[in-house]
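Chains, contacts and geometry: an overview
Letter by letter, the chains look like this.
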Amino acid sequence: MEWCRELPKIELHAHLNGSVRDSTLLELAKDLGEKGVIAFADVVHVIMKNGRSLPECFKLFDLYHLLTTDHQTVTRITKEVIEDFAAENVVYLELRTTPKKNEAKGMTKCSYMKAVIDGIRAVDTVDVDFVTSGTSNVNCSEATPLNCIGSPIKRKKIYVRLLLSIDRRETTAAALETVNLAMDLKNFGVVGIDLSGNPVIGEWQTFLPALKHAKELGLPITLHCGEVPNHKEIQAMLDICPQRIGHACFLVEEEWKRVKFLKIPVVEICLTSNIRTGRFSSIYDHFFADLYKAKHQVALCTDDSGLFSTTLSNEFYLAASTFGVSIHHLSLQSKHIIWQVLHKIYWVVSSYTGLNKDEMFLLARSAIQSTFADDEVKHELTKIYDDAANRLI
Ligand code: 5GP
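Residues numbered from 1 in each chain as written. Predicted model: local features only at pLDDT ≥ 70, side-chain atom pairs only at ≥ 80, totals over all residues.

1. Remarks on the nonpolar core
Formed by 95 residues in total, the largest nonpolar core has its most connected members in Ile82 and Ile158. With seven residues, strand 4 (residues 157-167) is the largest single contributor of residues to this core. (Core = buried A, V, L, I, M, F, W, Y, C linked by C-beta atoms within 7 Å. Buried ≥ 20, exposed ≤ 12 C-beta atoms within 10 Å, placed from the backbone. Helix = DSSP H or I, 4+ residues; strand = E, 2+ residues; numbered from the N terminus.)

In structure tokens:
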């Protein structure tokens with residue numbers, strides 16, 4: 001596990017509000033409880049519960065949003081989330097969040113994003129490479145573009161880029177507003193668009209105009225795709241050829257063939273999230289090893305590190321310890337019992353050969369090409385991995 005922590009990692013699928021620390025949520029809940037806005041006693045066990053179904057997660061997000069949606073808190077959680085990822089040796093973080101309107105708090109989608117940007121600027125335990133250059137035509141006046149924000153005493157460095165999420169509850173107009181905002185904030189580190197939110201809510205046709213608009217504007221797209229077995233929608237999602245898809249739990253063979261045929265390069269894999277929400281009854285049923293074996297580009301991600309009590313180091317450790325044998329010797333159909341015994345033996349052997357570390361290193365490094373960052377950042381990330389290779393493998 002320590003090796004997985006030391007490994008430089010690239011996080012491509014992390015939702016801001018799903019990555020908030022439990023301790024922060026409890027503090028915010030206590031505060032709102034004292035103000036009489038919520039009943040603290042009712043929410044404590046909800047926040048601390050382990051293992052939730054997908055519908056329960058979305059109910060919980062509504063609670064999270066009640067706790068976090070004011071400017072000051074958005075700034076605070078952004079800062080903390082970045083610091084937490086940096087502490088795990090994440091060297092590039094593509095953080096996604098849904099810009100929110102909240103009239104009661106005087107919040108617009110733009111001011112929400114300004115609070116996020118302020119949070120990035122507030123990080124002080126690590127250097128942050130955040131934005132590129134140029135000017136924005138959005139009046140986020142205090143969020144001046146900066147390069148390498150942080151204290152002059154250099155410690156770790158993390159590249160942070162943002163994806164703006166369209167929530168499936170939103171209207172076409174609201175989704176278009178998000179895409180236009182993303183375009184306006186391109187000089188503030190926004191590099192793409194995500195579609196997320198409860199997969200059983202909303203119609204594909206509602207989001208399509210905004211996603212097409214994003215494509216026309218040259219904004220890369222990643223879609224939560226196939227979280228539920230809605231094959232008509234999966235088909236429609238693949239039709240627009242997104243740059244990446246996330247989860248992809250319920251794709252069937254024909255759909256995988258299309259993914260490969262259309263050269264949709266990357267699948268963002270969130271192992272703990274998929275297991276905790278019951279999308280696979282066992283980790284041994286997960287399709288990760290099949291994709292890896294087929295040399296399809298995959299990126300290990302956390303999804304909601306706070307909600308699922310995980311870290312990216314933990315996701316790498318989980319993949320290594322679960323799939324080490326299967327990648328080389330077994331098909332996913334193998335009996336679990338054989339699998340478990342063999343993988344224990346493999347771990348004993350591989351801890352001497354170091355083979356597994358090579359694979360993990362290459363897996364982490366291969367995510368460079370899947371980022372939505374520009375070539376300069378990709379080049380810098382390549383250098384980080386070259387330096388780390390001497391140390392780690
Ligand atoms: P936020 O965008 O508010 O910063 O992060 C939380 C939001 O991300 C949730 O309300 C939900 O829309 C989205 N989200 C987080 N995890 C998942 C997931 O596993 N699947 C889907 N479809 N959406 C998610």
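2. Some remarks on helix 4 (residues 54-68)
If you check helix 4, its first and last C-alpha atoms are 21 Å apart, about what 15 residues at 1.5 Å a residue would give, namely 21 Å. Every buried residue of helix 4 is accounted for by Leu60, Tyr64 and Leu67. One side of helix 4 holds all its buried residues, which, seen down the axis, span an arc of 55°. Opposite the buried face of helix 4, by more than 90 degrees, sit the exposed residues Pro55 and Asp62. Looking at the buried positions of helix 4, the neighbouring elements they touch are helix 2 (22-34) and helix 3 (40-48). (Expected span 1.5 Å × (residues − 1). Arc of directions from axis to C-beta. Contact = placed C-beta atoms within 7 Å.)

3. With respect to the environment of phenylalanine 316
Along the chain, the position of phenylalanine 316 falls in helix 13 (residues 312-328). According to the C-beta neighbour criterion, phenylalanine 316 is buried, with 23 such atoms within 10 Å. Taking the C-alpha atoms as reference points, phenylalanine 316 and lysine 357, separated by 41 residues in sequence, lie 10 Å from one another.

4. Some details on the site of the ligand
Close to the ligand lie 17 residues; Leu16, Asn17, Thr97, Thr98 and Ser196 are nearest. When grouped by side-chain class, the residues that make up the shell around the ligand number three nonpolar, ten polar and four charged. (Near = placed C-beta within 6 Å. Nonpolar A, V, L, I, M, F, W, Y, C, P; charged D, E, K, R; others polar.)

5. A closer look at the environment of leucine 16
Here leucine 16 is to be found in the loop between strand 1 (9-15) and helix 2. For the pair formed by leucine 16 and threonine 98, sequence separation is 82 residues and the distance between their alpha carbons is 8.5 Å.

6. Focus on the pairing of strand 7 (residues 244-247)
Across four bridges, strand 6 (residues 221-225) lies against strand 7 in parallel orientation. Across the sheet, the residue bridging to leucine 223 is isoleucine 245, located in strand 7. With helix 9 (residues 231-239) bridging strand 6 and the parallel strand 7, this β-α-β connection has right-handed handedness. Of the pairings in the sheet, the one linking strand 7 to strand 8 (residues 266-269) comprises three bridges and is parallel in character. Each bridged residue has a counterpart across the sheet, and for arginine 244 the counterpart in strand 8 is valine 266. (Pairing = 2+ DSSP bridges. Right-handed = clockwise from strand over helix to strand, strands pointing away.)

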